[in-house]
Amino acid sequence: MNKSKVVFHLVSVIQQRFRGATQTEIEATLVREGWAIGAVREAIAAR
């Protein structure tokens, strides 16, 4: 999966799973699940 698809997917995941969560909580959870921190931060900024 290329980077833009990963970020698009992460935006969807964040919107569905993390309503009201802080950026720190989102980052920690997704990185623990194996997502790259750069992609997570880009998705958070894009949402």
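This text goes with the structure placed above it.
Below is a short write-up of the structure. (Residues numbered from 1 in each chain as written. Predicted model: local features only at pLDDT ≥ 70, side-chain atom pairs only at ≥ 80, totals over all residues. Heavy atoms only, no water.)

Another aspect to go through is helix H3 (residues 37-46). All of the buried residues along H3 are Ala39, Val40, Ala43 and Ile44. What you see down the axis of H3 is that its buried residues fit within an arc of 135 degrees, all on one side. For H3, the exposed residues lying more than 90 degrees away from the buried face are Ala45 and Ala46. Buried residues in H3 make contact with helix H1 (3-17) and helix H2 (23-32). (Buried < 20%, exposed > 50% of the residue type's maximum accessible area, 1.4 Å probe, protein only. Helix = DSSP H or I, 4+ residues; strand = E, 2+ residues; numbered from the N terminus. Arc of directions from axis to C-beta. Contact = heavy atoms within 4.5 Å.)

The next thing to look at is the side chain of glutamate 27. Looking at the element boundaries, glutamate 27 is found in helix H2. Judged by relative accessible area, which is 12%, glutamate 27 ranks as buried. A polar contact of 3.2 Å, which involves the side chain of glutamate 27, links it to the side chain of arginine 41. Leave out the neighbours within four places in its chain, and glutamate 27 touches Ile37, Val40, Arg41 and Ile44. (Polar contact = N/O pair within 3.5 Å; in protein donor to acceptor, adjacent residues only side chain to side chain.)

Let us look at the environment of glutamate 42. By the element assignment, glutamate 42 lies in helix H3. Residue classification places glutamate 42 among the partly exposed positions, given a relative accessible area of 38%. Separated by 31 residues in sequence, glutamate 42 and valine 11 place their C-alpha atoms 8.8 Å apart. If we ignore the near neighbours within four places in the chain, the residues touching glutamate 42 are Lys3 and Val7.

With that settled, the discussion passes to the nonpolar core. By size, the foremost hydrophobic cluster in this structure holds 13 residues, and its most contacted members are Leu10, Ile14, Phe18, Ile26, Leu30 and Ala43. If you list the elements that add at least two residues to this core, you get H1, H2 and H3. With six residues, the single largest contributor to this core is H1. (Core = buried A, V, L, I, M, F, W, Y, C linked by side-chain atoms within 4.5 Å.)

All we've got here are geometric facts, nothing functional implied.
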